[in-house]
Amino acid sequence: MQTVLISGGGIAGPVLAHWLHRRGFRVTAVERAPAPRPGGQAVDVRGVALDVLDRMGLLDRARRVRTRMRGMSVLGPDGQEIDRSTEATFSSGRLDSDDIEVLREDLVRMVHEHTRADVEYLFGDSVTALDEDGLGVHVEFAHAACRRFDLVVGADGLHSTVRRLAFGPEERFARHLGSYLSVFGADNFLGLEDWQLWLRDGDAGFGIMPVRDNTELRIAFGFESAPLAPELRDNGTLRGLIADRLASLAWEGVRLAEAARDAPDFYCDAMAQIRMDHWSRGRVALLGDAGYCPSPLSGQGTSLALVGAYVLADCLADAHGEHRAGYSRYERRMREFVSLNQALATENSGRPASEASMEHAKNALSLDRWDPEG
């Protein structure tokens, strides 16, 4: 039985772990956080990614916890409504679509609960070194004892440690897209009821949606910026920067700034893509954002993670221990699919990402010539 270490306990990693276990692998997953991560934005699951959830037996559960919006308002800088829709929202597309939108933390919790009986999870730890030889990969951890695995998969996000250790510095592969995104939660101080608000003021803007039966808000604030200096990327520094930018807005800026300062789930990072010629090297491979992050501007990161996990597991199982053949087939089956989805962000610059997703994502996910079964 082949052993596989997966770095990353978000969505891509546990989904891969599920399918690898089903195909006879022994799987360990290591996650830096002390438990499945809370917080985060609402994420979309579209097209063939819905098939992956269905084959896991999770689609009905995901549909039960999906967001259910009545529509959205688009506001001017002063908070006056300039447009509205009861047919679609910028975050999820058409409201009558079969696609679903769920809170990231709900999907993370769901896939973890579905896999924890079959997968060894190491929470509160991380990979610090990889040393490959002819028999496997010797892995060092920040806390756990060193171990050897047959294969290692990095599913550890945009700032992947596995990618850095196996392929080189992030700067070789990251493409900055000219903006930053912050996401955080707050009490529903606006009294929204299944209704989203979107506002743009100069080079900044936000989307606000109610969640948890309208008791909470998820606030996504974005602003245009060149890459920030390393000393400004500290989480505490970014939080202050975001709060100051929010406070400068004409409409509800003060309360939004206070929410950003107080949020326990505050997140902020650059909008960037990862572009690589190959997603594997020796016994190490990359999955999801670690190998081909499309950025939230595409609206497709979660769907790529779900589909990529399914395909990678299938290719490794069919390779019968020949990992190079399995990795090669994984890249052949996923490369065009990834390129199409990354293009949603780069070819629609200057337009709301959700508009691009509404127009193009379904086509990208439903190409007749692409089959997850290969």
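Owing to the predicted nature of the structure, the values given are computational and were not obtained by experimental measurement.

Rules of the game
Residues numbered from 1 in each chain as written. Predicted model: local features only at pLDDT ≥ 70, side-chain atom pairs only at ≥ 80, totals over all residues. Heavy atoms only, no water. Helix = DSSP H or I, 4+ residues; strand = E, 2+ residues; numbered from the N terminus. Buried < 20%, exposed > 50% of the residue type's maximum accessible area, 1.4 Å probe, protein only. Pairing = 2+ DSSP bridges. Axes fitted to C-alpha atoms, helices over the stretch in contact; angles between N-to-C directions. Contact = heavy atoms within 4.5 Å. Core = buried A, V, L, I, M, F, W, Y, C linked by side-chain atoms within 4.5 Å. Parallel < 35°, antiparallel > 145°, perpendicular 65-115°, else oblique. Left-handed = near helix turned anticlockwise from the far one by under 90°. Nonpolar A, V, L, I, M, F, W, Y, C, P; charged D, E, K, R; others polar. Expected span 1.5 Å × (residues − 1). Phe/Tyr/Trp six-rings, centres within 6.5 Å; stacked < 30°, edge-to-face > 60°. Lys NZ or Arg CZ within 6 Å of the ring centre and 35° of its normal. pLDDT = per-residue confidence, 0-100.

Chemist: Where do I start with the environment of Thr-128 in this structure?
Modeler: Mapped onto the fold, Thr-128 is located in strand S10 (residues 127–133). By relative accessible area, which is 38% here, Thr-128 ends up partly exposed. Through-space distance from the C-alpha of Thr-128 to that of Thr-161 is 7.8 Å; in sequence the pair is 33 residues apart.

Chemist: How should unusual backbone geometry be read in this particular structure?
Modeler: The phi angle of most residues is negative, glycine excepted, and most peptide bonds adopt the trans form. Non-glycine residue Asn-214 carries a positive phi angle of around 65 degrees. Residue placement: Asn-214 occurs in the loop between strand S16 (204–211) and strand S17 (216–224). With relative accessibility at 21%, the residue Asn-214 sits in the partly exposed group. Not every positive phi belongs to a glycine, and Ser-295 is a case in point at roughly 80 degrees.

Chemist: Can you walk me through the sheet that holds strand S5 (residues 81–85) in this structure?
Modeler: Hydrogen bonds along the backbone pair up the strands of a sheet, which may run parallel or antiparallel. What the seven strands build is an open sheet, ordered S5-S4-S15-S16-S17-S14-S18; its pairing is mixed. Bordering the open sheet on either side are S5 and strand S18 (267–274), each of which pairs with just one other strand. Averaged over all pairs of adjacent strands, the angle between their axes in this sheet comes to 20 degrees, without regard to strand direction. Where strand S15 (residues 195–201) meets S16, five bridges bridge the pair, whose relative direction is antiparallel. Each residue of the ladder has a partner; that of Trp-198, found in S16, is Gly-207. Along the sheet, helix H7 (residues 253–262) contacts strand S14 (174–187), S16 and S17; its crossing angle with S14, the most-contacted strand, is approximately 95 degrees.

Chemist: Can you walk me through the nonpolar core in this structure?
Modeler: Most often, soluble globular proteins have nonpolar side chains that are buried together. Judged by nonpolar contacts, the single largest core of 76 residues is most densely connected at Ile-6 and Met-334. Discounting chain neighbours no more than four positions away, the residues touching Ile-6 are Gly-13, Leu-16, Ala-17, Leu-20, Val-27, Thr-28, Ala-29, Val-30, Val-153 and Ala-155. Residues Leu-192, Trp-195, Leu-199 and Leu-228 belong to the second largest nonpolar core, which totals 30 residues.

Chemist: Please clarify how the pairing of S10 should be interpreted in this entry.
Modeler: Note on strand geometry: in a regular strand, side chains alternate between the two faces of the sheet. Pairing analysis gives six bridges linking S10 to strand S11 (residues 136–141), with the strands arranged antiparallel. Within the sheet, the bridge partner assigned to Leu-130 lies in S11 and is Val-139. If you look at the hairpin formed by S10 and S11, you'll find two residues sitting between the two strands.

Chemist: What exactly am I supposed to notice about the packing of helix H2 (residues 48–56) against helix H9 (residues 301–318) here?
Modeler: In a pair of packed helices, the angle between the axes and the distance between the axes together describe the arrangement. As a packed pair, H2 and H9 sit with axes 8 Å apart at the nearest point and diverge in direction by 55 degrees. Of the possible angle classes, the one that applies to H2 and H9 is oblique. The element H2 and its partner H9 pack so that their crossing is left-handed. Residues Val-48, Ala-49, Val-52, Leu-53 and Arg-55 of H2 form the contact with H9, whose own contacting residues are Ser-303, Leu-306, Val-307 and Tyr-310. Each residue belonging to the contact of H2 with H9 can be placed in one class, and the counts come to seven nonpolar, one polar and one charged.

Chemist: Looking at this structure, how should I read H9?
Modeler: Residue pairs three or four apart in sequence face the same way in an α-helix, which turns once every 3.6 residues. Taking 1.5 Å of rise per residue, 18 residues should cover 26 Å, and H9 covers 26 Å from first to last C-alpha, within 8% of that figure. Counting buried positions along H9 yields 16 of 18 residues, so the element is predominantly enclosed. Among the residues trailing H9, His-320 stands out with phi positive, at a value near 50 degrees.

Chemist: Hey, could you run me through the sheet that holds strand S9 (residues 120–123) in this one?
Modeler: Overall, mixed pairing links the six strands, which are arranged S9-S2-S1-S13-S20-S19 in an open sheet. Looking at which strands have only one partner, the edges of the open sheet turn out to be S9 and strand S19 (280–281). Here strand S1 (residues 3–7) pairs with strand S13 (residues 151–154) via four bridges, running parallel. Residue pairing for S13: Ile-6 is matched across the bridge by Val-153. Taken strand by strand, helix H1 (residues 12–22) contacts S1, strand S2 (26–31), S9 and S13, and its axis lies near 165 degrees from that of S1.

Chemist: Would you explain the packing of aromatic side chains in this entry?
Modeler: In this description, an aromatic ring pair is defined by two values, namely the gap between the centres and the angle between the planes. Tallied over the full model, the rule gives nine aromatic pairs. Relative to Tyr-292, the ring of Trp-279 lies with its centre 4.6 Å away and its plane at 50 degrees, an arrangement referred to as tilted. Taken together, the residues span a long stretch of sequence, with Trp-279 in the loop between S18 and S19 and Tyr-292 in helix H8 (residues 289–292) at a distance of 13 residues. Taken as a pair, Trp-279 and Tyr-292 share a single burial class, namely buried. Here the aromatic cluster, defined as three or more aromatic residues joined through ring pairs, consists of Tyr-180, Phe-221 and Phe-223. In this structure, Arg-335 packs its charged tip against the face of Trp-279, placed 4.0 Å from the ring centre.

Chemist: Which parts of the structure should I look at to understand the confidence of the model for the protein?
Modeler: Detailed conclusions should not be drawn from predicted coordinates in areas where pLDDT is low. For the protein, the mean per-residue pLDDT works out to 91, and 93% of the residues sit at or above 70. In this model residues 349–372 is a low-confidence stretch, pLDDT under 50, and it forms 47 contacts with partners more than four residues away in sequence or in other chains.

Chemist: What is the right way to look at the environment of Glu-193 in this model?
Modeler: Along the chain, Glu-193 turns up in the loop between S14 and S15. Judged by relative accessible area, which is 53%, Glu-193 ranks as exposed. As a C-alpha pair, Glu-193 and Gly-240 span 47 residues in sequence and 29 Å in three-dimensional space. Among residues more than four places away in sequence, those in contact with Glu-193 are Arg-70, Pro-210 and Asn-214.

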